[in-house]
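Now for the letters of each chain:
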Amino acid sequence: IDDAGEPLPRPRPAPARGRLEELLPGAVIETAAGACYVTTTAVLLEEVRGGDRLAHALTASPAVLAPFHPDFRLEQVSSFADAAFVDTETTGLGAGAGVYAFLVGVGAFETWPPDATPRPAPRALSSLPDGWGSDDAAPRPSPLAPTHFVVRQFFMRHPGEEAAVLAAVAEAVGARRLVVTFNGRGFDLPLLRARYRQNRPLLPADYRRVALFEEGSPHLDLLLPARRLWRRRLQSCRLINLEQHILGLARGEEDVPGAEIPRMYIDFLRTQQAGEMRRVFYHNREDI
């Protein structure tokens, strides 16, 4: 406690030193625009997050929100099994030519592993399509019911891999009908659209624009309904506040304030030490 009686922040341990592949196990994937790095985390749908199982999200319909947010275009989206949950980590704010999305996380309900034994969809999931599957890089249709929530994090190890990251993301979301974000209307999607335009000469024709990210596509930006529900109750509707006060979730000490993330990425480019990047990946995954 300091002289004014305020608690002092707890000291953080020194960041682990090590190469990316050692601290963040993943794979180098080849895309039509080159190579990039991807990590994959699969979480069982039985896991409880915020007081309920992840599987419970599949009993809800995004279309329920359509009358309250008509500009989200949710009328025809009946299941979150059709959704891609997207979050970016960037080198700065805005969508200027010098701002990169160096890490793009994509979450989706899928079967895992891809060659799992077929099982019928539970009755509560009867509104789902036939099923979803995945490989290490991107989801693909499957005759199986979802078993996991899978988060893939596509990482730009240096600026020369940006086109490869964008191609991998385009492949990952290509079969989805809905994008879910938190403040994605104001930040993530405008930035991604700008980066696809900037990299147009380097991308194959099929990946120069992503229909799911275009204005007018079905998009549930959770910040807006959160403000509608809780802005009078909470001082702030920042995601971390909602997690703590509405869902009862607390992040681990390895989380990092968003304002520090650009500096951490620049440090990684300079040193190739991934200790701080491990915290950035954690932050991105928890956001999703």
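Up top you'll find the structure we're talking about.
Residues numbered from 1 in each chain as written. Predicted model: local features only at pLDDT ≥ 70, side-chain atom pairs only at ≥ 80, totals over all residues. Heavy atoms only, no water.

**Considerations on the sheet that holds strand 11 (residues 219–221)**
Put simply, the rule is: Only when DSSP finds a minimum of two bridges between them are two strands counted as paired. A run of H or I in DSSP counts as a helix once it spans at least four residues, and a run of E counts as a strand once it spans at least two, with each numbered from the N terminus. The axes are straight lines fitted to the C-alpha atoms, using for helices just the contacting stretch, and the angles between their N-to-C directions are given from 0 to 180°. Working rule for contacts: check all heavy atoms of both residues, and any pair within 4.5 Å makes them a contact.
One open sheet accounts for seven strands, arranged 1-2-9-6-5-10-11; its pairing is mixed. Pairing within the sheet leaves two strands with one partner each, and these edge strands are strand 1 (27–31) and strand 11. Averaged over neighbouring strand pairs, the angle between their axes works out to 30° when direction is ignored. In the packing of helix 6 (residues 261–271) onto the sheet, the strands contacted are strand 5 (83–90), strand 6 (101–110) and strand 9 (148–155), and the crossing angle to strand 5 comes to about 70°. Across the sheet, helix 7 (residues 275–287) is in contact with strand 2 (34–44), strand 5, strand 6 and strand 9; its angle to strand 5 comes to roughly 145°.

**A word on the packing of aromatic side chains**
Defined as follows: When two rings of Phe, Tyr or Trp (its six-membered ring) have centres within 6.5 Å they constitute a pair, described as stacked for plane angles under 30 degrees, edge-to-face for angles over 60, and tilted for the intermediate range. Exposure categories follow from relative accessible area, calculated using a 1.4 Å probe and restricted to protein chains: below 20% of the type maximum is buried, above 50% is exposed, and the middle band is partly exposed.
As enumerated under the stated definition, the model contains eleven aromatic pairs in all. Ring geometry for Y196 against F213: centres 6.4 Å apart, planes inclined by 50°, an arrangement best described as tilted. Taken together, the residues span a long stretch of sequence, with Y196 in helix 3 (residues 184–198) and F213 in the loop between helix 3 and strand 11 at a distance of 17 residues. Here Y196 and F213 have matching classes, each one buried. Centre to centre, the rings of Y265 and F268 are 6.4 Å apart; their planes meet at 25°, and the pair counts as stacked. You can see Y265 and its partner F268 sitting in helix 6, three residues apart, about one turn around the helix. Like Y265, the residue F268 is buried in the burial classification.

**Details of the pattern of salt bridges**
Our working rule: What makes a salt bridge here is a side-chain nitrogen of Lys or Arg within 4 Å of a carboxyl oxygen of Asp or Glu, nothing more.
Counted according to the given criterion, the structure contains 17 salt bridges. A salt bridge links E46 to R53; its shortest N-O distance comes to 3.1 Å. We note a salt bridge from R177 to D82, for which the minimum N-O separation is 3.2 Å. Separated by 95 residues along the polypeptide, R177 in the loop between helix 2 (162–173) and strand 10 (178–181) and D82 in the loop between strand 4 (52–53) and strand 5 bring together distant segments of the chain. A relative accessible area of 39% means that R177 is categorised as partly exposed. Look at D82 and you get buried, because its relative accessible area is 5%. One network of salt bridges, in which partners are shared, links E260, R263, D267, R270, E276 and R279.

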